[in-house]
Amino acid sequence: MKAIHQKQEHTSSYYAATVNEVTDYPELEGGVTADICVVGAGFTGVATALTLAERDFSVALIEANRVGWGASGRNGGQLINGISGLSKVRKKHGEGVEDMLWELRWRGNDIIHDRVAKYGIECDLKNGFVETAIKQRHLADLEEYAEQMERHNHPYKYELWDRATTSANLGTDAYIGGFVSYRDGHLHPLNLCIGEARAASGLGVKIFEQSLVTGIEHGARPRVRTARGHVDADSVVLAGNAYHLLESRHLSNLTFPAGSYIIGTEALPDELVNEINPLDLAVCDLNEVVDYYRLSADKRMLYGGRCNYSGREPESIKASILPRMLQIYPQLEDVRIDFEWGGMIGIVLNRIPALGRINGNVYYCQGYSGHGVNATHIMGELVADAIGGTMEKFDLFAGMKHFRIPGSQWMGNQIIALGMLYFRLKDML
Ligand SMILES: Cc1cc2nc3c(=O)[nH]c(=O)nc-3n(C[C@H](O)[C@H](O)[C@H](O)COP(=O)(O)OP(=O)(O)OC[C@H]3O[C@@H](n4cnc5c(N)ncnc54)[C@H](O)[C@@H]3O)c2cc1C
């Protein structure tokens, strides 16, 4: 089993180098009481805490490292509507929930846009995301998606692109088409997370950093323990995603950590920017094992991809990602690579976020399978709704059956590595 991370500072990413605020919330010491105790200050934990505080709950938020230390402060920054595995949720609950699920898939975009405006969070939020087709079957997916947008009267701009338009707008012949959604986009995820935490703190949320939660004593009012303190609360929310090992009796074998990696170039000259991404879009291909990229606010290429399910860091992130980038953009051959970093995403085998309750008052919310900037905000709201007594949407997800692999805390990554091989082979066909 992996050691639990604690008391670590941010990984040396482009985001940590350009962060608006270096947080320094105190360590939890002694006893604290709150209505709700949230464990883990990534997007799930921070978004949930902020929603609860907006609804007048008192909240304690406990983080083992720093706010945004995990995947939330390291990701591609692509704000993409939807929730992984949603089609399965629809299949199980029937067509009657279609409209509700369609609205839900955009809810994270709305929450983020609203919060950025309401709390004045500076996180380089930009509109525009393009999904790119590499194979014919991808084009069929994009056309179906456009039909869905039309059927639901999607109020924001969207476009289907043919090969020539895609090539002209992305400066590469790698794709045979694309679909652009202007309600999706991209942002600086660490600055968003830290900004939301600052807003939560402003509403009275007690935030503790460098405070690893070591266990929970269950009861009518559970006690959440760290090495030097505890929080007593009516409800607890576990938001440690791929990084936490709490409540193993209920949660082990449910979410698997998988590495995803990004490189950041030096700032690109204007002519290169105008050639490869004049519309300043976030880009993600439609392969099973995706490549995703975008320009930062200061016009660096942030190029990510290649999940690693083996549990081992690649020896060199740059050596593993750079060839992927150059395959799409040989124009970037001579640019300097200034940053390379990675983080852990939480994979669930059926790809549906794992949402549920233990003993009635300990909630968990995890496993976005690499698609979490938007989904964490949706799920955080569903958990806050459930805590407030509105279970309808929470139950849609909590009622989904998840697969577990017994003993997979020891061998799960090997099993997932096999699954990964399957997906890579599928991409090659
Ligand atoms: C490299 C990379 C690129 C990605 N790109 C995208 C993208 O472009 N778009 C997208 O939508 N998604 C992307 N994702 C996925 C997305 O980042 C995640 O789904 C999302 O951030 C998960 O948020 P979280 O809050 O649940 O988990 P995390 O952000 O991982 O936060 C969990 C936090 O809990 C803390 N914690 C764990 N255990 C304990 C404990 N016992 N006590 C106290 N604290 C604890 C950890 O320290 C951590 O800070 C990417 C992920 C990675 C790694």
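Up top is the structure.
Residues numbered from 1 in each chain as written. Predicted model: local features only at pLDDT ≥ 70, side-chain atom pairs only at ≥ 80, totals over all residues.

Draft legend 1. Inspection of the overall build of the protein at higher detail. Within the protein, the regular secondary structure consists of 13 helices and 17 strands. The C-alpha atoms of the protein give a radius of gyration of 21 Å, which matches the 22 Å a tight globule of 429 residues would have. Based on the C-alpha atoms only, the size of the protein along its principal axes is roughly 60 × 50 × 45 Å. Contacts in the protein between residues far apart in sequence, at least 24 positions, make up 76% of those at least 6 positions apart. (Helix = DSSP H or I, 4+ residues; strand = E, 2+ residues; numbered from the N terminus. Rg over C-alpha atoms; globule rule 2.2 N^0.38 Å. Contact = placed C-beta atoms within 7 Å.)

Draft legend 2. Representation of the packing of helix 4 (residues 98-118) against helix 11 (residues 373-387) in the model. Look at helix 4 against helix 11: their axes get within 8 Å of each other, and the N-to-C directions meet at 95°. Judged on the interaxial angle alone, helix 11 and helix 4 are roughly perpendicular. In this structure, helix 4 contributes Leu104, Arg107, Gly108, Asn109, Ile111 and Ile112 to the contact, and helix 11 contributes Asn374, Ala375, His377, Ile378 and Glu381. Grouping the amino acids of the contact of helix 4 with helix 11 by side-chain chemistry returns 5 nonpolar, 4 polar and 2 charged. (Axes fitted to C-alpha atoms, helices over the stretch in contact; angles between N-to-C directions. Parallel < 35°, antiparallel > 145°, perpendicular 65-115°, else oblique. Nonpolar A, V, L, I, M, F, W, Y, C, P; charged D, E, K, R; others polar.)

Draft legend 3. Spatial organisation of the environment of valine 59. Here valine 59 is to be found in strand 2 (residues 59-62). Its 27 C-beta neighbours within 10 Å are what place valine 59 among the buried residues. With residues near it in sequence (within four places) discarded, valine 59 still touches Ala34, Asp35, Ile36, Val38, Ala49, Leu52, Ala53 and Val205. (Buried ≥ 20, exposed ≤ 12 C-beta atoms within 10 Å, placed from the backbone.)

Draft legend 4. Up close: unusual backbone geometry. With a phi angle near 55°, aspartate 280 is a residue other than glycine that sits in the positive phi range. Mapped onto the fold, aspartate 280 is located in the loop between helix 9 (270-276) and strand 12 (282-285). Accessibility expressed as a C-beta count within 10 Å gives 15 for aspartate 280, which makes it partly exposed. Positive phi outside glycine occurs at serine 369, with the angle close to 50°. Within the secondary structure, serine 369 sits in the loop between strand 17 (362-366) and helix 11. A count of 22 C-beta atoms within 10 Å places serine 369 in the buried class.

Draft legend 5. Geometry of the environment of lysine 91. Here lysine 91 is to be found in helix 3 (residues 86-93). For the pair lysine 91 and isoleucine 347, spaced 256 residues apart in sequence, the C-alpha to C-alpha distance is 21 Å.

Draft legend 6. The arrangement of the site of the ligand in detail. For the ligand, the set of nearby residues contains 47 residues, the closest of which are Gly40, Gly42, Gly70, Gly76 and Gly372. Tallying contributions element by element places strand 15 (residues 337-347) first for the shell around the ligand, with 4 residues. The residue inventory of the shell around the ligand, partitioned by class, reads 20 nonpolar, 25 polar and 2 charged. (Near = placed C-beta within 6 Å.)

Draft legend 7. Local environment of the nonpolar core. With 119 residues, the main nonpolar core has Cys37, Val39 and Val59 as its most contacted residues. If one sorts the elements of this core by residue count, helix 11 sits on top with 9 residues. Excluding residues within four positions of it along the chain, cysteine 37 makes contact with Ala60, Ile62, Val224, Val231, Ala233 and Val236. (Core = buried A, V, L, I, M, F, W, Y, C linked by C-beta atoms within 7 Å.)

Draft legend 8. Region of the structure containing the environment of leucine 203. With respect to the secondary-structure elements, leucine 203 resides in the loop between helix 7 (189-202) and strand 7 (206-208). Residues leucine 203 and valine 39, spaced 164 residues apart in sequence, show a C-alpha to C-alpha distance of 18 Å. Setting aside residues no more than four positions away along its own chain, leucine 203 makes contact with Ala53 and Glu54.

Draft legend 9. How the structure looks around the pairing of strand 8 (residues 213-217). Inspection of the sheet shows strand 8 paired to strand 9 (residues 223-226) by 4 bridges, in the antiparallel sense. Residue pairing in the sheet places isoleucine 216 in a bridge with valine 224 of strand 9. Linking two consecutive strands that pair antiparallel, namely strand 8 and strand 9, is a turn of 5 residues. (Pairing = 2+ DSSP bridges.)

Draft legend 10. Structural detail: the packing of helix 2 (residues 43-54) against helix 11. Close contact between helix 2 and helix 11 brings their axes to 8 Å; oriented N to C, the two are set at 45°. One finds that helix 2 runs oblique with respect to helix 11. Viewed along their axes, helix 2 and helix 11 form a crossing whose handedness is right-handed. In contact with Phe43, Thr44, Ala47, Thr48, Thr51 and Leu52 of helix 2, helix 11 contributes Val373, Thr376, His377, Met379, Gly380, Glu381, Val383, Ala384 and Ile387. Here the contact of helix 2 with helix 11 is built from residues that sort into 8 nonpolar, 6 polar and 1 charged. (Left-handed = near helix turned anticlockwise from the far one by under 90°.)

Draft legend 11. How the structure looks around the pairing of strand 2. Neither face of strand 2 is exposed, since Val59 and Leu61 on one face and Ala60 and Ile62 on the opposite face are all buried. Bridge analysis of strand 1 (residues 30-39) against strand 2 gives 4 bridges, and the strand direction is parallel. The residue bridging isoleucine 36 from the neighbouring strand is valine 59, located in strand 2. Traced from strand 1 through helix 2 to strand 2, the parallel crossover comes out right-handed. Relative to strand 7, strand 2 is paired through 3 bridges, and the arrangement is parallel. Paired with leucine 61 across the bridge in strand 7 is isoleucine 207. (Right-handed = clockwise from strand over helix to strand, strands pointing away.)

Draft legend 12. Local environment of helix 2. Spanning 12 residues, helix 2 covers 16 Å between terminal C-alpha atoms, matching the ideal 16 Å at 1.5 Å per step. Three or more residues of helix 2 are buried, namely Phe43, Thr44, Gly45, Val46, Ala47, Thr48, Ala49, Leu50, Thr51, Leu52 and Ala53. Its buried side turned inward, helix 2 meets strand 1, strand 2, helix 7, strand 10 (229-238), strand 17 and helix 11. The first or second residue beyond helix 2 is aspartate 56, which carries a positive phi of 75°. (Expected span 1.5 Å × (residues − 1).)

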